[in-house]
Amino acid sequence: MKRTLLFAAASLMVVSALNAETTKKGVKTTQPSRTDSIKRESKPDKNIDQEMAEMVSLVLTSMPEGDAKVKYKTLTEEDFRIVAKELGVEVAAIKAVVKIEAGPKLEGFWAPGVPVVNYAQTLFNKYNGKTKGRKIKDAKVPQGLSGYALKEWTSLTNARKINADAADMGTYWGMFQIGGFNYKLCGCESVEEMVAKVCESEFSQLEMFAVFIRNSGMLEALKKKDWAAFARKYNGPSYAKRGYHTRMAKEYANFKSNESSEPKKSNEQKTPEVKSGVDQKPVELSKEPTDTIKKSVAPVKKNYKKKRRRRRR
């Protein structure tokens, strides 16, 4: 059964799982975004078709081989390659966004199954008055946390005891720090489903990011590597003050440079092996003349001594 990824919401494109047609619904969004600009400018990407939606659905329901042991620790090169191919963007471009949004460690989890979160009390207050969500009275803070991670999960857990849906919508999730209120833009039917996907693996978070930027009209900017346009929608109107666009551009250049230098490194590794093979022959051959020289030198010394003795006589 095919899974519909795009839902009717703030200016979203409705993708039908039964045919190859796509339709649009111009519904004004009332969801607050991490940025005011997303609320105003978010538009569905015009280049999305049914074929792409089906491909993304297949990836979302499967995990690349080799991810099982590192799914909470790191994204693999295969993860980046799969999503880059889906979106039609460069791997270096996605890595640049991850580097800026997730930080130098590129992490989406603080512990196995415990994603990175940033709880916003003001957003919880807003949604608590609008939604009658679930109450998780026995909610507990995940074990093994400390410092900032413990603080954020403690706040989130306490809020979940009052209104779990409002708490989850008022929290920014995972390595890409997507607000829970954007669950529809992430292709989910509920914020509960979104949180469940975030908790699965870093690959799931990457896939969710791919759906989010597509539904929010950011894909074209990422394809063109228009960092200012992308950061304006992703990080908000204050992106320039914080230098998001320049930092993304710098990280993209770094990743791109590393990609181009990889073949050179592999050639450099092979070169010493060839040279060492060539150098071995002269070393072996040089032993024979050395022995010969020693033999020839010895008699000369003896003759020299004999001559001296004769002169003394």
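Note that the coordinates shown come from a computational prediction; the quantities given were computed from them, not determined experimentally.

Undergrad: Would you mind going over the overall build of the chain with me for this structure?
TA: For the chain, the count of helices and strands is 13 helices and 7 strands. Each of the 313 residues in the chain was classed as buried or not, and the buried ones make up 43%. Taking all contacts inside the chain whose residues are at least 6 apart in sequence as the whole, residues at least 24 apart take part in 69%. Just so you have it, the chain exposes about 18200 Å², and 52% of that area is on carbon and sulfur atoms.

Undergrad: Got a minute to help me understand the pattern of salt bridges in this structure?
TA: Where charged atoms from two side chains of opposite charge come close, those side chains can pair. One pass over the full model with this rule turns up 12 salt bridges. Here E200 makes a salt bridge to K197, at a shortest N to O gap of 3.5 Å. The partner of E259 in a salt bridge is K256, and the shortest N-O contact between them spans 3.6 Å. Separated by 3 residues within a single helix, E259 and K256 lie in helix α12 (residues 244-285), roughly one turn from each other. Relative accessible area serves as the criterion here: at 30%, E259 is assigned to the partly exposed category. Here the salt bridges do not stand alone but share partners, grouping R134, R160, D165, D168 and E192 into one network.

Undergrad: Would you take a moment to explain the side chain of N215 for this structure?
TA: Tracing the chain through its elements places N215 in helix α8 (residues 202-215). Looking at N215, its side chain comes within polar contact range of the main-chain oxygen of L185, at 2.9 Å.

Undergrad: For this particular structure, what's the right way to read the packing of aromatic side chains?
TA: Each aromatic ring pair is described using two quantities: the centre-to-centre distance and the angle formed by the ring planes. This structure, assessed with the given rule, holds 11 aromatic pairs. Ring geometry for W110 and Y148: centres 6.2 Å apart, planes at 85°, overall edge-to-face. Of this pair, W110 sits in strand β3 (residues 109-111) while Y148 sits in helix α6 (residues 147-169), and the two are 38 residues apart along the sequence. Its relative accessible area of 45% is what places Y148 among the partly exposed residues. An aromatic cluster is present here, built from F176, F209, F212, F230 and Y234 joined pairwise through their rings. The aromatic ring of Y244 is capped on one face by R247, whose charged end is 5.0 Å from the ring centroid.

Undergrad: What exactly am I supposed to notice about the environment of D226 here?
TA: Within the secondary structure, D226 is located in the loop between α9 (219-224) and α10 (227-235). For D226 and H245, which are 19 residues apart along the polypeptide, the C-alpha to C-alpha distance reads 8.4 Å.

Undergrad: Is there a simple way to think about the sheet that holds strand β6 (residues 171-173) in this case?
TA: The strands making up a sheet associate through hydrogen bonds between their backbones, and the pairing can be parallel or antiparallel. If you trace the 3 strands from one edge of the open sheet to the other, you get β5-β6-β7, paired in antiparallel fashion. In the strand order of this sheet, the two ends are held by β5 (117-119) and β7 (178-179), each with one partner. Judged from the 3 bridges that link them, β5 and β6 form a sheet pairing that is antiparallel. Bridge pairing links N118 to Y172 in β6.

Undergrad: Is there a simple way to think about the packing of helix α4 (residues 91-102) against α10 in this case?
TA: Packed helix pairs are characterised by how far apart their axes lie and by the angle those axes make with each other. Close contact between α4 and α10 brings their axes to 13 Å; oriented N to C, the two are set at 45°. Of the possible angle classes, the one that applies to α4 and α10 is oblique. Both α4 and α10 take part in a crossing whose hand is right-handed. Where α4 approaches α10, its residues A93, A96, V97 and E101 are matched on the opposing element by W227, F230, Y234 and N235. Class assignment for the residues of the contact of α4 with α10 results in 6 nonpolar, 1 polar and 1 charged.

What counts as what
- Residues numbered from 1 in each chain as written.
- Predicted model: local features only at pLDDT ≥ 70, side-chain atom pairs only at ≥ 80, totals over all residues.
- Heavy atoms only, no water.
- Helix = DSSP H or I, 4+ residues; strand = E, 2+ residues; numbered from the N terminus.
- Buried < 20%, exposed > 50% of the residue type's maximum accessible area, 1.4 Å probe, protein only.
- Contact = heavy atoms within 4.5 Å.
- Areas by Shrake-Rupley, 256 points an atom, 1.4 Å probe, with all protein chains shown as cover.
- Salt bridge = Lys/Arg side-chain N within 4 Å of Asp/Glu carboxyl O.
- Polar contact = N/O pair within 3.5 Å; in protein donor to acceptor, adjacent residues only side chain to side chain.
- Phe/Tyr/Trp six-rings, centres within 6.5 Å; stacked < 30°, edge-to-face > 60°.
- Lys NZ or Arg CZ within 6 Å of the ring centre and 35° of its normal.
- Pairing = 2+ DSSP bridges.
- Axes fitted to C-alpha atoms, helices over the stretch in contact; angles between N-to-C directions.
- Parallel < 35°, antiparallel > 145°, perpendicular 65-115°, else oblique.
- Left-handed = near helix turned anticlockwise from the far one by under 90°.
- Nonpolar A, V, L, I, M, F, W, Y, C, P; charged D, E, K, R; others polar.

Geometry only, nothing functional implied.
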